[in-house]
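# Structural overview for review
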Amino acid sequence: MGDVWLVGLMVLVYVWFPKAAAQNLIKNPRDQKTEHTLLINEVNADSPGEDTSEFVELYHTSGQTARLDGYYLVFYNGNGNQAYKVLNLQGQVTNSRGFFLVGSSSVSPAIVIPKNTVQNGPDAIALYYGKGNYKEGMSVTSYGLVDALVHKTKKMDRADTLVRVLTPGRGAFLEDSTFRTMDESIERCRGADSQWIFQVAVPTPGTDNHCILTSQLNASAVLISEVFAASSSEEFEFIELQGPHSTELRDIVLVLIDGRTKDIYFTMDVYGKTSLDGLLLIGPARSKTPVDLSFPENVTRPVLRGGPNAIALYRGNSSSLVLGKVLPVTGLLDAFVYTSNEEPNSELLETLTPGRPAYKEQRHQLGNMSMSQCNCCSVTRDSLSYVLSRPTPGKFNDCPSKRFSQTLSFCLHVADCQDWLLKSEEILMTLVQALDESCSCGVSAAYFKEPKAACQDLGLVFTTLLTAKSEDQLSRLLLAFKTFLETPRVLSFDRRNITAESSCFKDLNVPDSPPGAPSEIPEETQETSVKVAQLLINEVNPDNPGGREDTEYIELFYTGRTRFDLRGYWLVLYNGKNSRAYRVLDLSGHHTDELGYFLVGSSAVSPAPMIRLPPDTIQNGADAVALYYSNTNRYAVNMAVTTEGLVDAVVYTSRRPEKAEQLVKVLVPGQSILYENDSHSPEDESLSRCHSLSAKLQSSFQVAMVTPLSENFCSSSSAPVPPAILISELCLTGGTNPDRFVELEGKPGTSLGGLSLVFFSGKEAKAQASVPLRGTIGATGLFVFALDGGHDGTNLTFKDISAASEGSSAIAVYSTSLIPGDTKATPENLVDALVYTCEPSTAGGHLDFLGPSYAVPCKDDRPLSLSRCASSNASAELQFAISDPTPGLQNSCPQDTFAVDLHLCLLTPNCSMWTQQHRRMLESLGRVLVSSLEEKCSCGISELYLQELNLTCVGSLVKVWGQVWARQPEQQRSIETWLQGFLASPHPFSVDGRVLKTSPECITPKNAPSVLHSDASFQGWEIALFVMGSLLLISLLVSLAFYFTKRYPRNYTNIEMNDCGEMAADF
């Protein structure tokens, strides 16, 4: 019997899951034991001449050697959107600094490609991970996508499909050949807001990108960039200046001053053109390194003296300065004072660099090092901006980078803490001086960024970001800092001795603090690396594909990356509907694995969880997972949500419209609920901690591939961050009503400075008006601008924003200054846009690239708005619907509460077109239904009111189902009246040129499906086959059972049975 059951089960599985199995192409990268990720770091697709120096540079964010098994590099042609070259990186490794180069032989790559291989654009380069069927000729896909860059070399080129699939929300990047006369590349950098950006720069294959933002460089002041003071006339001494690129410098004087006497001992006029990188090099005339401006021939070398010494740039000419005299006090552009041991003249310091100490050169300890400016590009007269580095004459300076960084904190035991809050700079200077004296590691203040101070019970918590030039240097500096504060240390501040140590919480008696985790510290000092490691929620997978829900799990992670005892910890699962616990797990008696991971999940999860849960235990949302620590409290099922003992929490949903406001308010106040978007991957996905190790911080998570009991797979190609400002509502009141307005939406307190509101209209889609914005988003997250008068202190002068009689109109927000009239619409600097028109049309228009066009009733005098509303489809983008005006209030949107079910049967001569062009016909039918409905009720209906609309066509019958949502009961009744009349009237109507009429003979099934079946869903024949197979299998099993019963009848003459016989008989 067992064999029969096995065969029957195999047949059933084969029948049931024919396509689901075929879809399983890419496995989760669980063997990838890296906490970092691989990125496309730099691309040079168009080099001068025959493209003999083109390359693609990948970078592993660990900054170390990493295996590239499982990665594919795919090159797409924008004409046809198919792969023209695919490179399998199996067996390849990055170099010791994390770089991997593919390119022409001239750049010494790991993989050599023929010249002119990388197309100029509009094309794309994509990086994938997994076992997908990546091959030349395949269509563009986001399946397994890790990173991508869509690029072009001509401004007007378009690559809409590549952008939509690979980099949604981020347009094709222009490799501007006019940037440099020789060559340029597209490099990845951190932008001003710490987000990844691409910019055109000097090619640096196989080395660090320079990442000086072009906007900063162009606005640069003329300053002293690098100084190398030689110890003999044989060494190459130089002074490097920096300014705007390709700019003529004139009327500038270089002045050298004796640091003891304050006297001028050398002057020379500075003139010449800065390089494309904004640099001008001054040095000896006859040297191996070419200079832009040479020292005079008759000057004694070395020109630069040892410290104390000073260098200054003045506006003017050298004839106005006399050697041996003191410095002038006017016309100073920049100055730098340095010394070895002896302190320079105090008056000289106050004149040249007020409030700043002299820079300690330390050549005797670290060898031949230059002094390099590392705060581009407008900080002047500040010795704290310099670091000791290897000399880089005529090139960008060798500076510490945030790429190699770690947040540090320590405690100062002070009685008057509030008085010290404004002394962050003085604290940092004292810390750096004491640390460098302790370790002799050449560290300076420029290694430390973003100093912050906050008061705590026992003193002042000081936090700063330590940066370095490499992973190795960062490790050495972190060790030096840890050693420096191993025991309390007395530091001198303003002639007062203050004790500094690693934590302000060391002596606190807090019995319920988690082991190794200090009490809560102020928000501004979170994410400190010096504090002891902590236990965090690392990954949550509450929703699995299909209906089984047997691979859901919660992963915890101990940041100390070692075995960790979970005594005193509790895991609590909350229901978002009543904000009460529905499952409580006491973790005492358990411990993490050797790498710090702990898994709670269903039995089908692999690797096996430490605590197993029944299938479908973890609710899909809107719900929450919370981690607590307490030696005294006991947490119980059905308890109300609490923060007592709270260590970490995640509030999530898998359905975008659902909310859990009370859970958010208590567990993660002021933040947004996380959305586990199941469209991220055709397989399973999870909410993975990727962006920080901060507890109770929702932004630390992103949707990613599932990786239970291993490092999270944090791809840079996660869903793009939505713009900070969105258009929420546009009021288009007709007639003589003057109350037109635009409502913007954003995070409360967001500044509108630097943004412009632009109105486009007409066939040519030219700017009719443009107004710079000012002010900030209010506490409600909304800001309303009256277009014909003042509101919120802003007076906009758009006299008419009605939809154009011909073509489309649009209102747009740009992150740029005023746009001149008659300027055509452009996607550059676009923040958000809303396109609208009087007559809906399927034909393309000049404003299509700004977004979909929404039809509005232009002949109606009623007040109406286009309001941003959510679709019932959680994976759909937000759209606009016609609504009543609601300035400064929540938008009036259609709701499922007032839904009217839609079941129609329509007669058509031929079904072929309906099945072949399903999507287009569905959209056309939707427009016709909306038009008929609006014509009947005049109640402000648009296409967004149709939800889950779908159709099938068999023979000559089109079956349509879905819902029509309404804003209020009155509108719902109007829709119901229209539907009754529409069904009762068999009059024909046209859809996309095809005549239809309602069929009263059709009986619509009561439970019509609400969504279109995807390729992986059951089709009708599959369901029928499954039912038939099941019936046949049951018949077979019954027949076999009957056969065995007749073939082997029981022996009733034997009354005594052994145990096995009794068990078999019972069975």
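Read on for a plain summary of the structure. Residue numbering note: each chain is counted from 1, following its sequence as written. Thresholds applied to this predicted model are a pLDDT of at least 70 for local features of residues and 80 or more for the giving and counting of side-chain atom pairs; totals over whole chains, interfaces and linings are not thresholded and use all residues. Processing note: side-chain calculations cover all non-hydrogen atoms of the structure and skip hydrogens and water entirely.

What follows is about the state of the cysteines. By definition, a disulfide links two cysteine residues through a covalent bond between their sulfur atoms. We call a pair of cysteine sulfur atoms a disulfide whenever their separation is within 2.5 Å. Counted according to the given criterion, the structure contains two disulfides. There is a disulfide in this structure between Cys374 and Cys399, and the S-S distance comes to 2.0 Å. Note on the Cys374 and Cys399 pair: the S-S dihedral is about -85°, so by sign convention the disulfide is left-handed. With Cys374 in the loop between β21 (370–373) and β22 (386–389) and Cys399 in the loop between β22 and β23 (401–413), this pair connects stretches of sequence that are 25 residues apart. Using a 1.4 Å probe on the protein chains alone, a residue whose accessible area is under 20% of its type maximum counts as buried, one over 50% counts as exposed, and one in between counts as partly exposed. Look at Cys399 and you get partly exposed, because its relative accessible area is 23%. Per the convention used, a helix needs a DSSP run of H or I reaching at least four residues, while a strand needs a run of E reaching at least two, with both numbered from the N terminus.

A few words now on the packing of aromatic side chains. Two aromatic rings, taken as a pair, are described by how far apart their centres are and by the angle between their planes. The aromatic pairing rule takes the rings of Phe, Tyr and Trp, using the six-membered ring of Trp, and pairs them if the centres are within 6.5 Å, calling planes under 30 degrees apart stacked, those over 60 edge-to-face and the rest tilted. Tallied over the entire structure, the rule returns 24 aromatic pairs. Here the aromatic rings of Phe75 and Tyr84 are separated by 6.0 Å at their centres, their planes lie at 50°, and the arrangement is tilted. In this pair, the class of Phe75 matches that of Tyr84, namely buried. One aromatic cluster in this structure is built from Phe336, Tyr338, Tyr359 and Tyr386. The lysine or arginine in question, Arg305, covers the ring of Tyr265, its NZ or CZ lying 3.6 Å from the ring centre. By the criterion adopted, a ring carries a charge over it if an Arg CZ or a Lys NZ lies within 6 Å of its centre and within 35 degrees of its normal.

This part takes up the pairing of strand β4 (residues 82–88). Two strands qualify as a pair provided DSSP detects at least 2 bridges between them. Bridge count for strand β3 (residues 71–77) against β4 is six bridges, and the pairing is antiparallel. For Tyr76, the partnering residue across the bridge sits in β4 and is Ala83. In this antiparallel pair of consecutive strands, β3 and β4, the connection spans four residues, and Gly80 shows a positive phi of 110°.

Looking now at the sheet that holds strand β9 (residues 173–174). Strand order in the open sheet made by the five strands is β4-β3-β7-β8-β9, with mixed pairing throughout. Each end of this open sheet is capped by a strand with a single partner; those strands are β4 and β9.

Salt bridges are defined as contacts in which a side-chain nitrogen from Lys or Arg sits within 4 Å of a carboxyl oxygen from Asp or Glu. Under the counting rule described, the total for this entry stands at 18 salt bridges. Across the pair Arg67 and Asp69 runs a salt bridge whose closest N-O atoms are separated by 2.9 Å. Residues Asp160 and Arg158 are paired through a salt bridge, measuring 2.8 Å at the closest nitrogen-oxygen approach. Taking the relative accessible area as the measure of exposure, Asp160 reaches 45% and is therefore partly exposed.

On to the sheet that holds strand β13 (residues 238–242), then. With respect to topology, six strands assemble into an open sheet ordered β17-β16-β13-β12-β21-β22, the strand pairing being mixed. Looking at the sheet topology across the chains shown, the edges are occupied by β17 (293–294) and β22. Relative to strand β16 (residues 279–283), β13 is paired through four bridges, and the arrangement is antiparallel. Paired with Glu240 across the bridge in β16 is Leu281.

Multiply 1.5 Å by the residue count of a helix minus one, and that product is the helix's expected span. The end-to-end C-alpha separation of helix α9 (residues 424–439) is 22 Å, in line with the 22 Å expected for 16 residues at 1.5 Å each. Taken residue by residue, α9 has Ser424, Ile427, Leu428, Thr430, Leu431, Val432, Ala434, Leu435 and Asp436 as its buried positions. Just beyond α9, the residue with positive phi is Ser440, at close to 50°.

A few words on helix α10 (residues 471–484). Owing to its 3.6 residues per turn, the α-helix brings residues three or four apart onto one side. Compared with the 20 Å implied by 1.5 Å per residue over 14 residues, the 20 Å span of α10 between its first and last C-alpha is a close match. Residues of α10 that are buried: Gln473, Leu474, Leu477, Ala480, Phe481 and Phe484. The buried residues of α10 occupy an angular sector of 125° when the element is viewed end-on, so they sit on one face. Facing away from the buried side of α10, by more than 90 degrees, are the exposed residues Leu479 and Lys482. Against β23, α9, β25 (459–468) and β26 (489–493) lie the buried residues of α10. This arc corresponds to the set of directions leading from the helix axis out to the C-beta atoms. By definition in these notes, contact holds between two residues if any of their heavy atoms fall within 4.5 Å.

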